Each structure stands twice: as structure tokens, then as C-alpha cells.
Amino acid sequence: MTVRHRDRVPPLVWESVLPALLLLHVVTTYPARELPVAAALTAALALPLAWRRRAPLAVFAAVVAAAFVQWLADVQLPADVALLVALYTAAAHTGRRGTLLAAAVVECGAVLACSRWATNGTFLAPFVALSATVVAAAVLGVNVRTGRAYLAAVRERADRLALHQEQQALLAVAEERARITREMHDIVTHNLSVMVALTDAAVYAQHRSPDRATAAMLQISETGRQALTDMRRSLGVLRADEPDAERHPLPGIAQLSALADQMAAAGLPTGLEVRGGHAHVPATAQLTVYRLVQEALTNTLKHAPAGTRATVLVECSADGVGVEVTDGGPRPAAPSAAAPSSGHGIPGMRERAAAYGGTLRAGPLPGGGWGVRTRLLLGGGGTGAA
């Protein structure tokens, strides 16, 4: 409460309290014949203190000059305490060199004062006392300056920490948006491609083979429901007790066989081979493998001609997972690995592989067809941010 009320008062008012008290003391204690000189010297010593925080060195010089005039006039005044206040202020607002210079000047004044006003030839005792007050004022000012610098450093560090936390939050939001974008692209592109292929097959077979058309339509329905479930899960709104959560678990290596069957039903015969056990592979890494295979097969379904066959090879080891997806059909419309692409297909696959320290290679094969190869590192080679 005291600090709050003090902050409401202008600083100049607080700085004027000591000069006013010193002047009041002179007016009330000095006789009339000595009052003009004492009041003038007291005003010269004390009044500059009102501006000591705005111009500490200038105020210190003015007070020293007034004290020297006082010494020449051989007048002793209580206002000499203004020298200590000015020294404290100079030490609190200047560097080491300025503090030492100001202290030396005041110490010289102490020597002059003791040499003139020491009584009964006692010089040492008052000199030691004055020197102690000079050192105390200088040390107090240095401590205040050091504390102020420390607080400024703490505030700056806190500001940097707050800025860093804000940047980290923005990066986390950007990463989450990028993750959702990749997931939505993979889910929507794959499932819509499969649904379009199945719809074309159902239309073609509705008169010749109604049973096959019905099966295709049921497959379309199931694919659509799975797409909605995956979208809700990726957006973080799927409840744990929702029935679809058990029907459609988080995709992984175990779900690649269902993916191959789905692609075969859509018109892309797909062979799958998984070498090695995948129980030790983290769920996020398995999701990355699934999305890479899904995207590669979706590209083959969209770009390769009818009759193309795809092959998926997944090799699991203790330190990584190798993924290879190839097909045997020409694909003239497919984007090359080196060509720039504005979509999220191959660039998104590269980002997923890079999250686990892998480098994805996608391009035409020497004997014809298209291949996608990468290896995910599980031993700390990537961030693991699928």
C-alpha cells in the first residue's frame, strides 16, 4: 500500500523533501545575522538534489562546487550531508570509473574539512569517521546499481523466456496444422480414389453382374465410414467409447493387409510381404509406414493404367523399418521425384520419412514402372513426429 501511494506522488516531490528539511532547519536554528549566508549556502547545497536522478553527474558537480564555496567561506552547515547523497546518486547511476572519481573528490573534501574544522588538533578521528561515511555512501550506491542491473537482467531473461514459450506454442500449432493437413490429404485422397474406382466398377457391373455391383457398393459404404472415422480421429474429436474406435484402430503395419485387399477391390492387385516382427515398432512409426504405403498405392491407382500390379515390401529390424512400394506399369502423368510439386503427395511422404531420419526416393524404375523407397530409423535418428 505504501509503494502504491508513493507511486501516485510525482518523483520531484519526493526529491524535494530533503532540501526542504535542510532549509527549514537553517531557518529555525541560525541567528538572524548568520541566516542569509547559511540559507544561501544551504540552498546551493540542497536544492540541486531535487534533480539528482535526472542528471546525477551534473548535480554532483553543482553540490561539490557549493561545498567548496562553503569551505572558502568557513561556514559549517548540516547541509554537507548533500555531498553524501550526491555521491550515492552518482555511484548508483554511473560506472566504476565515475564512482571512484566521485568518491575521491568527496574524500578530498573530507580532508579539507577536517584540516580546517577539527578541534583541539584532533584530525585522525573525524577524518576516519568522514572517510567511513564516504565509503559507505559509495558502496551503497554501487550495490543499488548492481541490484538494478540484476533486476533488469532478470526481466530481460523473463521476457526472452516468454517470447521463447510463445514461439514454441506457435511452432506447436504450426506442426499440428501440418500434421492434420498431411493426415487429411492421405485420408481423403486415398479413400476418394478407392470410392471412385469402386463406383466405376459398380456402374459397369450393375447389369451384367448385380452381385458384384452390390459388393462394390457395400465396399464403398465401408470405405466412406472408415474415412469419416479416420478424419474424426485425426482432428482429435473421436471419443474413446465410440464404437468406430474399436472397429477402426489406429492404422499400422498389421492393417496393411486390409489396405492391400481394399486396393485390389478398387482395381489395383497388390502383393504384400512383411519381413520381421513389428511388435517393437512404435505406434507412430507404424502409422507413418501405413501412410507411406497408402499414399504410394493411391498414386499408383490414380496414375497407372488398368492391369497394373503393385508390390509392397516392409522389412522390420531392431533399428529401423524399410518400406518399398513398386508397380510394373508405365505412368506418364505421374510427377517425377525431382520435379517441383504443389500438392501434398510426394512432399508429404518426404516429410513423414524425414521425421524418422529417412530419405524418400520416388521415381521411375529402370525396367519400367514406378518405385517408392525409404527407411525409417528407430534408434533416435529422427524426431518421431509422425
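In the block above lies the structure referred to throughout.
These figures come from a predicted structure and were not determined experimentally.

**A look at the environment of Gly-357**
Okay, so step 1: By secondary structure assignment, the location of Gly-357 is in the loop between α13 (345–354) and β4 (361–364).
Okay, so step 2: For Gly-357, a relative accessible area of 34% gives the class partly exposed.

**Notes on helix α5 (residues 56–73)**
Okay, so step 1: With 18 residues, α5 should cover 26 Å at 1.5 Å per step; its first-to-last C-alpha distance of 26 Å lies within 8% of that length.
Okay, so step 2: Buried residues of α5: Pro-56, Val-59, Phe-60, Val-63, Ala-66, Ala-67, Gln-70 and Trp-71, and no others. Seen from one end, α5 has its buried residues packed into an arc of 145 degrees, which puts them on one side.
Okay, so step 3: Close packing links the buried residues of α5 with α4 (35–46), α6 (81–93) and α7 (96–117).
Okay, so step 4: One or two positions beyond α5, positive phi appears at Asp-74, with a value near 55 degrees.

**Looking at the environment of Val-312**
Okay, so step 1: Among the secondary structure elements, Val-312 is positioned in strand β2 (residues 310–316).
Okay, so step 2: When the C-alpha atoms of Val-312 and Asp-327 are compared, they prove to be 8.9 Å apart, with 15 residues separating the residues in sequence.
Okay, so step 3: Leave out the neighbours within four places in its chain, and Val-312 touches Thr-270, Gly-271, Leu-272, Glu-273, Val-293, Leu-297, Glu-324 and Val-325.

**A closer look at the pattern of salt bridges**
Pairing between side chains of opposite charge can happen when the charged atoms of each approach one another.
Okay, so step 1: Considering all chains together, one arrives at five salt bridges under this definition.
Okay, so step 2: Two residues, Glu-315 and Arg-275, come together in a salt bridge whose shortest N-O distance is 2.8 Å. One end of the pair, Glu-315, is in strand β2; the other, Arg-275, is in strand β1 (residues 270–275), and 40 residues separate them in sequence.
Okay, so step 3: By relative accessible area, which is 39% here, Arg-275 ends up partly exposed.
Okay, so step 4: A salt bridge links Arg-375 to Asp-319; its shortest N-O distance comes to 3.1 Å. With Arg-375 in strand β5 (residues 370–377) and Asp-319 in the loop between β2 and β3 (320–327), this residue pair connects regions lying 56 residues apart in the sequence.
Okay, so step 5: For Arg-375, a relative accessible area of 34% puts it in the partly exposed group.
Okay, so step 6: In this structure, a network of salt bridges that share partners links the residues Glu-273, Arg-275 and Glu-315.

**Examining the packing of α6 against α7**
Okay, so step 1: The geometry of α6 relative to α7 is characterised by a closest axis approach of 9 Å and an angle of 165 degrees between their N-to-C directions. The pairing of α6 with α7 is recorded here as roughly antiparallel in orientation. For the pair α6 and α7, the sense of crossing is left-handed. Taken together, the residues of α7 that come into contact with α6 (itself represented by Leu-87, Ala-90 and Ala-91) are Thr-99, Ala-102, Ala-103 and Val-106.
Okay, so step 2: In the contact of α6 with α7, the residues fall into six nonpolar, one polar and no charged.

**Description of the nonpolar core**
Okay, so step 1: By size, the foremost hydrophobic cluster in this structure holds 36 residues, and its most contacted members are Leu-256, Val-289, Val-293, Leu-297, Val-314 and Leu-360.
Okay, so step 2: The element contributing the most residues to this core is helix α12 (residues 283–303), with eight residues.
Okay, so step 3: Beyond its immediate chain neighbours, meaning those up to four positions away, Leu-297 contacts Leu-259, Met-263, Leu-268, Thr-270, Ala-310, Val-312 and Val-325.

**Here we look at the pairing of β4**
Every other side chain in a regular strand lies on the same face of the sheet, so the side chains alternate between the two faces.
Okay, so step 1: Sheet topology places β4 next to β5; four bridges connect them, and they run antiparallel. Paired with Gly-363 across the bridge in β5 is Gly-371.
Okay, so step 2: Here β4 folds back onto β5 in antiparallel fashion, the turn holding five residues, of which Gly-368 has a positive phi close to 105 degrees.

Definitions and cut-offs
Residues numbered from 1 in each chain as written. Predicted model: local features only at pLDDT ≥ 70, side-chain atom pairs only at ≥ 80, totals over all residues. Heavy atoms only, no water. Helix = DSSP H or I, 4+ residues; strand = E, 2+ residues; numbered from the N terminus. Buried < 20%, exposed > 50% of the residue type's maximum accessible area, 1.4 Å probe, protein only. Expected span 1.5 Å × (residues − 1). Arc of directions from axis to C-beta. Contact = heavy atoms within 4.5 Å. Salt bridge = Lys/Arg side-chain N within 4 Å of Asp/Glu carboxyl O. Axes fitted to C-alpha atoms, helices over the stretch in contact; angles between N-to-C directions. Parallel < 35°, antiparallel > 145°, perpendicular 65-115°, else oblique. Left-handed = near helix turned anticlockwise from the far one by under 90°. Nonpolar A, V, L, I, M, F, W, Y, C, P; charged D, E, K, R; others polar. Core = buried A, V, L, I, M, F, W, Y, C linked by side-chain atoms within 4.5 Å. Pairing = 2+ DSSP bridges.

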